[in-house]
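# Architecture and fold: a report
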Amino acid sequence: MIEIWHGLTKAIELIISLDPEVLEIAGRSLRISVASTFLASLLCIPLSSLIHFHRFPGKRILINLIQTFFSIPTVAIGLFVFVLFSRAGPLGGLNLLFTPTVMVLGQMILITPILLGLTISALSGVDKAILDTARSLGASGFQTAVVVLREARFAVTAAVIMGFGRAISEVGLALMVGGNIRGFTRVITTAISLETSKGDLELSIALGIILIFIALVVNIALNRIQQR
Amino acid sequence: MSLIEVRSLYKRYGEKEALKNINIKVERGEVLAIIGPTGAGKTTLLYLLDLLEMPTSGRIYFDGMDVTQPGKVRLEARRRMAFVIQKPTVFNTTVYDNIAYGLKWRGAGKSSIRQKVDSILEMVNLSADKNRNARTLSGGEAQRVAIARALAIEPEVLLLDEPTANLDPVSTSRIEELITNVIHRYNTTIIMATHDMSQGQRLANRIGVLINGEILQTGGSIEVFTSPRNREVAKFVGVENIIDGVILKNEEGLVAIDIGGKAIEAVSDYSAGEEVCVCVRPEDITLALSPAASSARNSFTGKITRVVPVGPLTRVEIDCGFPLIALVTKRSAEELNLASAMEVYASFKATGVHIIKK
Amino acid sequence: MSLNLNYKRRGLKSKVVNSLVVIMLACLIVGMVGCAASAEAPLPPQERLRVATTTSLYDTGLWEYLEPMFEEKYNVELDIMYAGTGKALEYGRRGDVDVITVHSKAHEEQFIAEGYGVQRIPFAYNYFLIVGPAADPAGIKGMSPEEAFKKLMETENGSFVSRGDDSGTHSKEKAIWTEAGYDYEVVRNAGIWYIEAGTGMGPTLLMASEKQAYTLSDTGTFLSYKGKVDLVPIVDKGDILLNVYSAIVVNPEKMPKTKIDMANNLISFLVSPEIQGLIGNYGVREYGMQLFTPCAGAEPK
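Since this is a predicted model, take the numbers as computed values, not measurements.

## Quick notes on the packing of helix H3 (residues 95–105) of chain B against helix H4 (residues 110–123) of chain B
Residue and element names in this part refer to chain B. Where H3 meets H4, the axes come as close as 10 Å, and the angle between the chain directions of the two elements is 130 degrees. When the axes of H3 and H4 are compared, the pair comes out oblique. Seen along the crossing, H3 lies across H4 with a hand that is right-handed. In this structure, H3 uses Tyr 96, Ile 99, Ala 100, Leu 103 and Lys 104 to contact H4, whose residues at the interface are Ile 113, Lys 116, Val 117, Ile 120 and Leu 121. Split into classes, the residues belonging to the contact of H3 with H4 amount to eight nonpolar, no polar and two charged.

As C-alpha cells, then:
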C-alpha cells in the first residue's frame, strides 16, 4: 500500500515538474493516436456512407463481419502488421517497422471496424423521412449523404470518440510493431508495460494518470461538439 | 399536352399489390386531390409521381418526356417538383437553414437565398422564428416549414401527402389557407392526398378516388360527391343511403324504383328491369313531424332509431321499412325535438337521388 | 417565449465551459507539438541503426549509458530493441535489425553458420549465479550448479523460476540441467515448482522475489536490481557459469538492407579501449563491484 502512495506522490511530482521524459512519451502517444483516429475517420466516414446508402449482394454479411472485428485482439493485428512490414515481409522495402508511422497505420487498421460499424449504425438511426425529404428537394446522392451525416452527428462523433479511446489505450500493437524504443516509438501504454515489469511503479502511475487525463480532455472536447 | 401522365401503372411490394392499373393525367395549373381511405395507396402513388420510387410496371411522363427509367431526365424532372411528406419532417438546424437547403443544393447565391427565404417566411408566418432550431417547433409549425421549404425552390408541381393529417383544427385551417394562397399566387400544379373528402372538396378542382390501389373515379369535386360511379366510391364520399332496387318504369326520364315494397322516384336514363343502387346523401333528406306539403316526390314515414350529434349537425337514423340516415342541423333537431322512437316524415327530391347501375 | 430565456442562461454557462475546454485542448496541442519539436533532432532525417539486445544488457542500464556516447560520436540515432536472445536472433534473421548483442555461444555460432551473421565479437563477460531466498529451503547453498539443480529436482523443496524464453540465460539454464543429467522436457513437466516466466531478466528476478523462489541470473542484472528484490546469491562458483556477451553484425550478403558501415562502427566502438574501460567501470560506484568485465574481442578464459 505504501508503494502505491509513494508512487502517487512521485507521479504528481513528475507531472508538475514537467519531467521531460514523461512529456515526451505523452506527446508521442497523443500525436500517434490523434493522427490514426483522424486519418481513419477521413477514410471511414465516406466509406460508411457508401456502404449504408447502396444496396449490394452480401451487404448484410459485410456489416456482420465489421461488427465481429470490433474487439479483435490488438496483438493479432500487431502480428499481422509486423509480418507485413518486416524487412523480410512484402512491404519490408518501405523500411517502416519500428517507426511511429507503422504504429499510426496499425492503429488505423485496428479502429477501422469500430469507425465503420458505429457510423453505419448511426446512419441507420436517421429517420427515412429525412432521406426522402432531401431527395425530393433535389439533393444529389452526395448532398443527401452529407445531410444524413449531419443529422446523425451525435452518434458519429461517439464513434470517433470510441475509435480514439481504443487507439490510445492499446498496448499489444504498439509494442509489437513499434518496439518500444526509448526516444522514438515509446508511448504511454508501452512505457507503463515496460516500467511495471521492471518494477518502477512511480513512473507507471504517473503515465497512467496522464493517459486518463488525456482521454478525459479529448472526450469532453468532442462531447461539446456533439452537443451542438 | 398534360404536365404529368401516368399509363398502366402497377406497384407491387413482394406479394402485395399496392397500386393497380393507374391511368391519370394532371394538367398544368390544376389542383388534383387524391382521396381515399387510409391504406388505399395514396402515399405510394405520390412517391411514384415524385419519381422517388420506381413502378413495378407502367410508364410515367413528365412534360412529354418518359421519366420511368433512372437517369438524367428523371433526376431533372424530379427537381421540377417538390414533395411535402405526411410526417412533419425538419432538419436538425434553424428554420432559416431548413428552408434554404433546397436552394443551397441548387447552387443559389447567398443574397438571392436570403431574399427568397425571407419572403417565404413571411408567407408562412414564421419570420419571428427564423433562427430557432426547427426541432423545437410544434407539429403545425414544422409542417409550415416543410411547405415553405418546398415552395422555396419554386416547383412546377407541389405534392402534398395528407398535409393536415396530424394537426389540430386551428393548424389545419391555417395550412389550408396557406395552400389556397399558393394556388392563387403561383399557379403551381398541386397534387394532394387526403382522406378528408371535405378538404378535397374545399381545395381541389378535380378529385380522384383511390380505393384499394385502384382509381375508381375521377371528376370535378361536385360531380364525384353527388354522382359516385359505384358503391365503394359512394360509401367513401359519404353517401350513407345506398339501397338496392329494380327499375319499375321509366316515363320520360322519371323513373320509379322498387326497393322491396316501397318505391323511390328519381331522374335517370336507365330502363325498366335494370338492377340498380339508389344513392341519397343524408344532407338531402328533410325531416318533418307531419306530411308537409313540399315538392319532394319521395316521402316516407318511419320511426327514429337513433339521434347522434355530430359537431354542428345531427345525424338521425330512421327505420322506414328500410334504413334511412338523415343529416340535419342541430337547430332543426332541437326545434323538432327529435328523439328515439319518434315518428317522423322523411322526404327528398327525385333530383337528389343518384342511381348506380349494379 | 420562456424558451428564449433559457437559451440565454444556457448560453453564458456554455461559453464558460467552452472556454475552459479550449484552454485544455490548447495545452494538449502545445504538449503534442512542443514535445515533437524537442524530441526530434534539429538536423535533417538522421540515419538510424537498430540493435536488438539481450535483456540483461538492457536491464542493467548499460545501453542507456553507452547510447548517447555512440550517437554523438557518429551522429546517428541508435534504436535499442529490448528482446531475449531468441527474439534478437529472429529479428536478425528477418533483417529487421542491423546488429545483435546476445550471450549464447551455441546459438551465435549457428546463426553465423547459417550465414545470417558475419562474425561474433565478444566484448564483455560476467558470471551467472543462482539466486534465491535467504532461507534457502532446498538447502543448496555453496553447491556446484549441477549438484544444486539435481537437489532441486529430487527434493522439490523450493520453486524455480525459469526465463522460459530461449534467451542466453535460458540456454545456460538448459545446459546446466543437461550436465546434471536431466532431459529438459522432463524438467519442464517436473511439477508446479518449476515456473516458466517468459519474461526478460529483470522481470524474472522480480517474479522470483515475489514467489521467494530460485532463479538463474547474470551478475550484472542481479546487482542492478539489488534494492528491488528480496533474493541473495546461493550458488556462484562453477565453470559452467561463465557468461560472455558478443556483438554480431547482420550479414549484408543475406540482408542487403543492413547498415553495414554504421554497424561496424558500433563494433569498433564497443571494443575500443576507451569504451572497454567505461564498461569495466560501469556500476562500480553504485554496486561496489564490476557488473561487466571487458574482453576486447577475445574469448575469455
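## Things to note about the nonpolar core
In this structure, Leu207(A), Ile99(B), Ala148(B), Ile191(B), Val278(B) and Val99(C) are the most contacted members of the largest nonpolar core, which totals 205 residues. Per-element tally for this core: the top contributor is helix H5 (residues 100–124) of chain A, with 14 residues. If sequence neighbours within four positions are ignored, Val278(B) has contacts with Ile243(B), Gly245(B), Ile257(B), Ile259(B), Ile264(B), Ala266(B), Val353(B) and Ile355(B). Formed by 28 residues, the second largest nonpolar core is a distinct cluster that contains Ile130(C), Val131(C), Phe160(C) and Leu231(C).

## Here we look at the interface of chain C and chain A
Contact with chain C, which involves 26 residues of that partner, is made by 26 residues of chain A. If you list the elements that add at least two residues to the side of chain C that touches chain A, you get helix H1 (2–39), strand E2 (77–82) and helix H9 (201–211) of chain C. The leading source of residues in the side of chain C that touches chain A is H1(C), at ten residues. Its residues assigned to classes, the side of chain C that touches chain A shows 14 nonpolar, five polar and seven charged.

## Remarks on the confidence of the model for chain A
For chain A, the average pLDDT comes to 89, and 99% of its residues sit at 70 or higher. Taken element by element, the predicted model of chain A shows its lowest mean pLDDT in helix H1 (residues 2–16) of chain A (79) and its highest in H5(A) (96).

## Quick notes on unusual backbone geometry
In the Ramachandran plot, Leu51(B) falls in the positive-phi region, its phi being about 65 degrees despite a non-glycine side chain. Residue position: Leu51(B) is located in the loop between helix H1 (42–49) and strand E4 (57–62). A positive phi angle, close to 50 degrees, is found at Gln212(C), a residue other than glycine. Here Gln212(C) shows up in the loop between H9 and strand E7 (214–218). In this structure Gln212(C) comes out as partly exposed when scored by C-beta crowding, with 15 C-beta atoms within 10 Å.

## Remarks on the packing of helix H8 (residues 153–169) of chain A against helix H11 (residues 201–227) of chain A
A packed helix pair is summarised by two numbers, namely the angle formed by the two axes and the spacing between the axes. Residues and elements named next belong to chain A. The interhelical angle for the contact between H8 and H11, taken along N-to-C directions, is 170 degrees, at an axis separation of 10 Å. For the element pair H8 / H11, the angle class is roughly antiparallel. Contact residues: Phe 154, Thr 157, Val 160, Ile 161, Phe 164, Gly 165 and Ile 168 in H8; Ile 214, Ala 215, Val 218, Asn 219, Leu 222, Ile 225 and Gln 226 in H11. Its residues assigned to classes, the contact of H8 with H11 shows ten nonpolar, four polar and no charged.

## A word on the sheet that holds strand E2 (residues 16–26) of chain B
Residue and element names in this part refer to chain B. The sheet built from four strands is open, its strands ordered E2-E1-E4-E5 with antiparallel pairing. Each edge of the open sheet is held by one strand with a lone partner, namely E2 and strand E5 (65–66). With five bridges joining them, strand E1 (residues 4–13) and E4 adopt antiparallel strand pairing. Paired with Val 6 across the bridge in E4 is Ile 60.

## Side note on the pairing of strand E9 (residues 206–211) of chain B
All names here are of chain B. Taking burial as the measure, the six residues of E9 include five buried ones, the bulk of the element. Sheet topology places E9 next to strand E10 (residues 214–219); five bridges connect them, and they run antiparallel. Paired with Leu 210 across the two strands is Ile 215, which belongs to E10. From the end of E9 to the start of E10, which pair antiparallel, there are two residues, and Asn 212 there has a positive phi angle of about 55 degrees.

## Remarks on H9(C)
Residue and element names in this part refer to chain C. The buried fraction of H9 amounts to eight of the eleven residues, a majority that puts the element mostly inside the structure. For H9, the full list of buried residues reads Met 201, Gly 202, Pro 203, Thr 204, Leu 205, Leu 206, Ala 208 and Ser 209. Of the residues one or two after H9, Gln 212 is the one with positive phi, at around 50 degrees.

## Quick word on the confidence of the model for chain C
Residue and element names in this part refer to chain C. Mean pLDDT over chain C works out to 86, with 91% of the residues at or above the 70 mark. Within the model, the stretch residues 1–7 combines pLDDT values under 50 with one contact to residues more than four positions away or in other chains. The ipTM assigned to the predicted complex is 0.77, against a pTM of 0.76.

Rules behind the numbers
- Residues numbered from 1 in each chain as written.
- Chains lettered and ligands numbered in written order.
- Predicted model: local features only at pLDDT ≥ 70, side-chain atom pairs only at ≥ 80, totals over all residues.
- Axes fitted to C-alpha atoms, helices over the stretch in contact; angles between N-to-C directions.
- Helix = DSSP H or I, 4+ residues; strand = E, 2+ residues; numbered from the N terminus.
- Parallel < 35°, antiparallel > 145°, perpendicular 65-115°, else oblique.
- Left-handed = near helix turned anticlockwise from the far one by under 90°.
- Contact = placed C-beta atoms within 7 Å.
- Nonpolar A, V, L, I, M, F, W, Y, C, P; charged D, E, K, R; others polar.
- Core = buried A, V, L, I, M, F, W, Y, C linked by C-beta atoms within 7 Å.
- Buried ≥ 20, exposed ≤ 12 C-beta atoms within 10 Å, placed from the backbone.
- pLDDT = per-residue confidence, 0-100.
- Pairing = 2+ DSSP bridges.

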